[in-house]
Amino acid sequence: MAGAASTGRGLLISLEGGEGAGKTTVLGALRERLEAHGHRVVQTREPGGTPAGEAIRALLLDPAQALSASAELLLMFASRAQLVETVVEPALARGETVLADRFTDASFAYQGGGRGLPMALVAELERSFVRRQPDFTLLLDLDVAAGLARARARGGPADRIEQEQAGFFERVRAAYRARAAAQPERFAVVDAAQPVEAVVRDACAALDAFLARRGEGG
Ligand code: T5A
């Protein structure tokens, strides 16, 4: 799989986690940190992040849609392909840093782990339509019940995926943790059960350590 260095100069950094893990809360702090290091940051989210991707997101999260697992997987990749081709690759080619609120690891976790689709199928789609992995991935790891309670406490109706049973989210969490354990050079895992300030502190420290490994001090 191509790294950033082979097809562009910029960095791709992704943030992952289960429902209510606190991604939205942490993203702003990571962005500030990157900008303090002198990076020009382009922030994305998935599914979504482009006009077509946002339309696909609405379909994917609509509780009235009874999507098959395969249709869900392909729609996730349709949104991602549009994002990669029109936003991510151009930004990386300009030397910018892409800060991604979810990337392909989410499809391995949700459609592979949660839905039970073959991981090899997800990997094939990644090879064909994404052609790169993030340079660095932060996984916010949280007990499933705690994450769902946080998401519910935020209010509003549950989307189509949030309506899944706890067992689905346990498989999602297990798949994320397995990927992090298998690729420790790419992943950093943060304990998202801590108070927000501690989660932000640990996430920023992990980002700093990654940047320091690349020779970006300070
Ligand atoms: N999906 C996505 C797939 O199935 N496959 C894929 O390939 C992709 C890309 C949408 C859905 O699509 C699925 C995964 C999702 O089900 P999303 O938009 O990222 O993905 O939606 P969510 O994961 O549902 O995002 P959330 O907004 O629910 O979660 P966040 O952003 O992780 O959580 P956040 O920051 O909004 O926090 C949730 C609540 O908890 C509080 C916050 O204040 C907020 O109220 N909170 C804390 N409370 C206590 N302690 C802390 N440390 C806290 N951190 C946050």
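In this text, all values refer to a predicted model and were calculated from it rather than measured experimentally. (Residues numbered from 1 in each chain as written. Predicted model: local features only at pLDDT ≥ 70, side-chain atom pairs only at ≥ 80, totals over all residues. Heavy atoms only, no water.)

Regarding helix α8 (residues 166-182)
Turning to step 1, where the next piece is worked out: End to end, α8 covers 24 Å across 17 residues, agreeing with the expected 24 Å (1.5 Å per residue, within 8%).
Turning to step 2, where the next piece is worked out: Residues of α8 that are buried include every one of Phe168, Phe169, Val172, Ala175, Tyr176, Arg179 and Ala180, and no others. Along α8, the residues classed as buried sweep out an arc of 135° about the axis, all on the same side. Exposed positions of α8 whose direction lies more than 90 degrees from the buried face are Ala181 and Ala182.
Turning to step 3, where the next piece is worked out: On the buried face of α8, the contacting elements are β1 (12-17), α5 (104-114), α6 (119-130), β4 (136-141), α7 (144-153) and β5 (187-191). (Helix = DSSP H or I, 4+ residues; strand = E, 2+ residues; numbered from the N terminus. Expected span 1.5 Å × (residues − 1). Buried < 20%, exposed > 50% of the residue type's maximum accessible area, 1.4 Å probe, protein only. Arc of directions from axis to C-beta. Contact = heavy atoms within 4.5 Å.)

Thoughts on the site of the ligand
Turning to step 1, where the next piece is worked out: Residues in contact with the ligand amount to 27 residues; listed here are only the nearest, Thr24, Thr25, Arg57, Arg102 and Ser107.
Turning to step 2, where the next piece is worked out: One of the backbone N or O atoms of glycine 22 is found 2.9 Å from an oxygen atom in the ligand.
Turning to step 3, where the next piece is worked out: Coverage of the ligand by the protein chains reaches 84% of its 1,000 Å² of free accessible surface.
Turning to step 4, where the next piece is worked out: For the shell around the ligand, the secondary-structure elements that each account for two or more residues are α2 (23-36), α3 (51-61), α4 (69-93), α5 and α9 (196-213).
Turning to step 5, where the next piece is worked out: A class-by-class count of the residues in the shell around the ligand yields 11 nonpolar, seven polar and nine charged. (Near = heavy atom within 4 Å. Polar contact = N/O pair within 3.5 Å; in protein donor to acceptor, adjacent residues only side chain to side chain. Areas by Shrake-Rupley, 256 points an atom, 1.4 Å probe, with all protein chains shown as cover. Nonpolar A, V, L, I, M, F, W, Y, C, P; charged D, E, K, R; others polar.)

Some thoughts on the sheet that holds β5
Turning to step 1, where the next piece is worked out: Judged by pairing direction, the sheet is parallel, and its five strands sit side by side in the order β2-β3-β1-β4-β5 without closing on themselves. The strands lining the two open edges of the sheet, one partner per strand, are β2 (41-45) and β5. Strand-to-strand, the axes of this sheet are offset by a mean angle of 20°, without reference to chain direction.
Turning to step 2, where the next piece is worked out: With four bridges connecting them, β1 and strand β3 (residues 97-101) associate as parallel partners. (Pairing = 2+ DSSP bridges. Axes fitted to C-alpha atoms, helices over the stretch in contact; angles between N-to-C directions.)

A look at the nonpolar core
Turning to step 1, where the next piece is worked out: Membership of the largest hydrophobic core comes to 25 residues, with the highest contact counts inside it found for Leu30, Phe136, Leu138, Leu140 and Leu207.
Turning to step 2, where the next piece is worked out: Put simply, the parts of the chain that give this core at least two residues each are β1, α2, β4, β5 and α9.
Turning to step 3, where the next piece is worked out: At seven residues, α9 tops the list of elements feeding residues into this core.
Turning to step 4, where the next piece is worked out: If near-sequence neighbours (up to four positions away) are discounted, leucine 138 is found in contact with Ser14, Leu15, Glu16, Leu30, Ala188, Val190, Ala203 and Ala206.
Turning to step 5, where the next piece is worked out: Counting 19 residues, the second-largest nonpolar core is a separate cluster that includes Tyr110, Leu148, Tyr176 and Ala180. (Core = buried A, V, L, I, M, F, W, Y, C linked by side-chain atoms within 4.5 Å.)

Notes on the side chain of arginine 186
Turning to step 1, where the next piece is worked out: Here arginine 186 shows up in the loop between α8 and β5.
Turning to step 2, where the next piece is worked out: On the basis of relative accessibility, which here comes to 5%, the residue arginine 186 falls in the buried class.

Re the packing of α4 against α5
Turning to step 1, where the next piece is worked out: Taken N-terminus to C-terminus, the directions of α4 and α5 make an angle of 175°; their axes are 11 Å apart at the nearest point. On the basis of the axis angle, α4 is roughly antiparallel to α5. Here α4 contributes Glu72, Leu73, Met76, Phe77 and Arg80 to the contact with α5, which in turn contributes Thr104, Ser107 and Gln111.
Turning to step 2, where the next piece is worked out: Taken together, the residues of the contact of α4 with α5 break down into three nonpolar, three polar and two charged. (Parallel < 35°, antiparallel > 145°, perpendicular 65-115°, else oblique.)

A closer look at the pattern of salt bridges
Turning to step 1, where the next piece is worked out: Inspection of the entire model under this criterion finds 20 salt bridges.
Turning to step 2, where the next piece is worked out: The residue arginine 102 makes a salt bridge to glutamate 16 at a minimum N-O spacing of 3.9 Å. With arginine 102 in the loop between β3 and α5 and glutamate 16 in strand β1, this pair connects stretches of sequence that are 86 residues apart. Judged on exposure class, the residue arginine 102 and its partner glutamate 16 are both buried.
Turning to step 3, where the next piece is worked out: With its nearest N and O atoms 3.7 Å apart, the salt bridge here joins glutamate 216 to arginine 214.
Turning to step 4, where the next piece is worked out: A cluster of three or more residues bridged by salt bridges with shared partners is formed by Glu72, Arg115, Arg160 and Glu164. (Salt bridge = Lys/Arg side-chain N within 4 Å of Asp/Glu carboxyl O.)

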